[in-house]
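The lines below spell out each chain.
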Amino acid sequence: MSQSGGEISADDPLHGRALDYLKWGYFDGVIDLCEADPKGLLDKPSWLSWVNFYSRMYARGDRWREVEGTDVVGRRVATLSRGQGLAEVAVLAFRRGDIRAARWTVKSLLAIARGQSGVVVNAHPTAILDLAELVLRDLGDRDDAILLVNIALGHPGRVYVSLDDVRLLAFLLSELQAPAALWADWALIFVQHVTFSFNRCLIFNRSYQDEKAANWAMKEDARSEFVLVEVLGIAPKIAGEILVEVAKAWDKDPLAEAVSSRVPNATTSVYNINNHELWLSDDALKMRYFWRAMTSAHEQALVKNGDWAIVSCPTQDYSMAVAQPWRALEATFKRSIAVPLAELFAANPEWLEWDRANLSSGAQKRESIFLEKLSDPKRAKMMTMGDLLLLLEKCLQEPALTPVANAQGSRLRAESTRWLRQYYDQLEPTIRGNIFRPARIRQEQIERYRNRASHDEQVGEVDAYVGRVIALSILETLYWPALRQMGFVASL
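Because the structure is predicted, anything quoted here is derived from the model rather than measured. One numbering rule holds for all chains: residues counted from 1, following each sequence as written. Local features in a predicted model are, by the rule used here, given only for residues with pLDDT of at least 70; side-chain atom pairs are given and counted only at 80 or more, and totals for whole chains, interfaces and linings are based on all residues. Here the side-chain values reflect all heavy atoms present in the structure, with hydrogen atoms and water set aside.

(A) Geometry of the packing of aromatic side chains. For Phe, Tyr and Trp, where Trp contributes only its six-membered ring, two rings pair if their centres lie within 6.5 Å, and the inter-plane angle classes them as stacked under 30 degrees, edge-to-face over 60, or tilted in between. Under the defined criterion, the tally for this structure stands at 18 aromatic pairs. When the centroid spacing of 5.4 Å and the interplanar angle of 85° are considered together, the rings of phenylalanine 204 and tyrosine 208 count as edge-to-face. Look at phenylalanine 204 and you get buried, because its relative accessible area is 0%. Both rings, one in tryptophan 326 and one in tyrosine 449, keep their centres 6.3 Å apart while their planes meet at 15°; by these two values the pair is stacked. Of this pair, tryptophan 326 sits in helix α16 (residues 319–347) while tyrosine 449 sits in helix α24 (residues 443–454), and the two are 123 residues apart along the sequence. Burial status follows relative accessibility: with a 1.4 Å probe on protein chains alone, a residue under 20% of its type maximum counts as buried, one over 50% as exposed, and anything between as partly exposed. Secondary structure follows DSSP: runs of H or I at least 4 residues long count as helices, runs of E at least 2 residues long count as strands, and numbering of each begins at the N terminus.

What follows is the structure, given as structure tokens:
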């Protein structure tokens, strides 16, 4: 969340702490700070009042009752852009019994989402999820509820800082009888939340002299186990298996073991999956995958084909389903990296000549991806996902960010690294990952999902669900910086 629209005074650290607590999901802590503010500055009509407003709306319970009237909040939200604040206004209208205003605001929100390739700017998905629940309960509108859930599934950044949001998403997926494949999306959200929650405990203990905040963070972290057991009771039986495999895929073996011990004892409800066509509609895909509009028509078709296939697969072999998102990922990297580099090499033939003249035969073999594949435009278009990963690993490793050609190094590799540096913020997370965006390309995943699905080996249902969510998460990681650069981030 940016801080546009106001300034934090260096002389008043209370304001900075309030903003931090809002970012990290400690909403009750923000409200406590507001109520204890000796200067009353947090209540002034500035970005600080937004901190107070959002926190009261996100805290759930009855704390929203102290928010100003819907009309006052609505006028303020009208000054924001890209749909920010509309979900909160709609939720407030529902809670105050103004169903007509709530219905109109929901329709406006969805119209904005359609016009923005599915993106609605929100600091957290909390209000979107609350709104989906209210639309389903008070209006009985399953179609709009499904679209709102897809916006929540596509929340840019993926990390749900609120455990209540993780829980509510699961209950909505269950109530709306979402396709089983989408439980892999929930599983990834749960894994990312657990990772985030653990690190939040560490940060609250180290960075703030606030014992209450640290205790709250520890209790929230511990509560995730109870939420897990509760969710396994309302999810399809396969959700537990999916969660185990998603945890393993993101190197969370202790979590995978903890889930495995609970899956056999889960009292799974009767879950009749209703493959509602709306889950596969263009609107749903647009809202579920904010990045899809940034890809080519061919790549968009692959993503759509993949989701259709994984929901509608008529046999036990899901190869065709998992292959599609990996093909989309491969095509994206090929279009944006391999082809432009091949064109750059073709325009500078002296680089290849230098490598041929100066590199030993062993060095030329080690750098064959540059000398043999990228130097041939036809072969560059045929590069595999494994080739593309090798290219990224060679060019995005430290200290090779500012390479110079010499007798021991490839000129082609140096120039590739120099060219790729302009996209470092987008590309580096796709091969490194981090604690909040763990999706990264690994050779074993390419072998297990991309290559296996493209040959004659059968891919089972759970493997297909997990392989799909890995590929789509990497695409999200790739495009998230671009979304941020376009200004689609929450501001105050």
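Continuing now.
(B) Examining the packing of α24 against helix α25 (residues 461–485) more closely. Between the N-to-C directions of two axes lies an angle of 0 to 180 degrees, each axis being a line fitted to C-alpha atoms and, for a helix, fitted only over the stretch in contact. Two elements in contact, α24 and α25, have axes whose closest approach is 10 Å; the angle formed by their N-to-C orientations is 105°. With respect to their mutual orientation, α24 and α25 come out roughly perpendicular. Here Gln445, Arg448, Tyr449 and Arg452 of α24 lie close against α25, whose contacting residues are Asp463, Val466, Gly467 and Ile470. Among the residues forming the contact of α24 with α25, the class breakdown is three nonpolar, two polar and three charged. Oblique is the label for any angle not covered by the other classes, which are roughly parallel (under 35 degrees), roughly antiparallel (over 145) and roughly perpendicular (65 to 115). Contacts were defined at the residue level, with two residues in contact if any of their heavy atoms lie within 4.5 Å. Each residue receives one of three labels: charged for Asp, Glu, Lys and Arg, nonpolar for Ala, Val, Leu, Ile, Met, Phe, Trp, Tyr, Cys and Pro, and polar for the others, Gly being one of them.

(C) Main features of the pattern of salt bridges. For salt bridges, the criterion is a side-chain nitrogen of Lys or Arg within 4 Å of an Asp or Glu carboxyl oxygen. The full count for this structure, using the stated rule, is 34 salt bridges. Among the salt bridges present, the one from aspartate 307 reaches arginine 468, with a minimum N-O distance of 3.2 Å. Taken together, the residues aspartate 307 in helix α15 (residues 297–312) and arginine 468 in helix α25 connect sequence positions 161 residues apart. Here aspartate 307 matches arginine 468 in class, with each residue buried. One salt bridge connects aspartate 387 with lysine 373, and the closest N-O pair in it is separated by 2.9 Å. Of this pair, aspartate 387 sits in helix α21 (residues 385–395) while lysine 373 sits in helix α19 (residues 368–374); the two residues are 14 residues apart in sequence, bridging distant segments of the chain. Residue aspartate 387 is classed as buried on the basis of its relative accessible area of 14%. Accessibility expressed as a relative area gives 22% for lysine 373, which makes it partly exposed.

(D) Layout of the confidence of the model for the chain. Model confidence for the chain is summarised by a mean pLDDT of 86, while 88% of its residues fall at 70 or above. Along the chain, pLDDT gives the predictor's confidence residue by residue, from 0 to 100. For the chain, per-element mean pLDDT is lowest for helix α4 (residues 70–77), which scores 79, and highest for helix α9 (residues 163–175), which scores 97. Below pLDDT 50 for its whole length, residues 1–11 participates in 23 contacts with residues either more than four positions away or in separate chains. This model gives residues 399–407 a pLDDT under 50, and the stretch forms 16 contacts once residues within four places in sequence are excluded.

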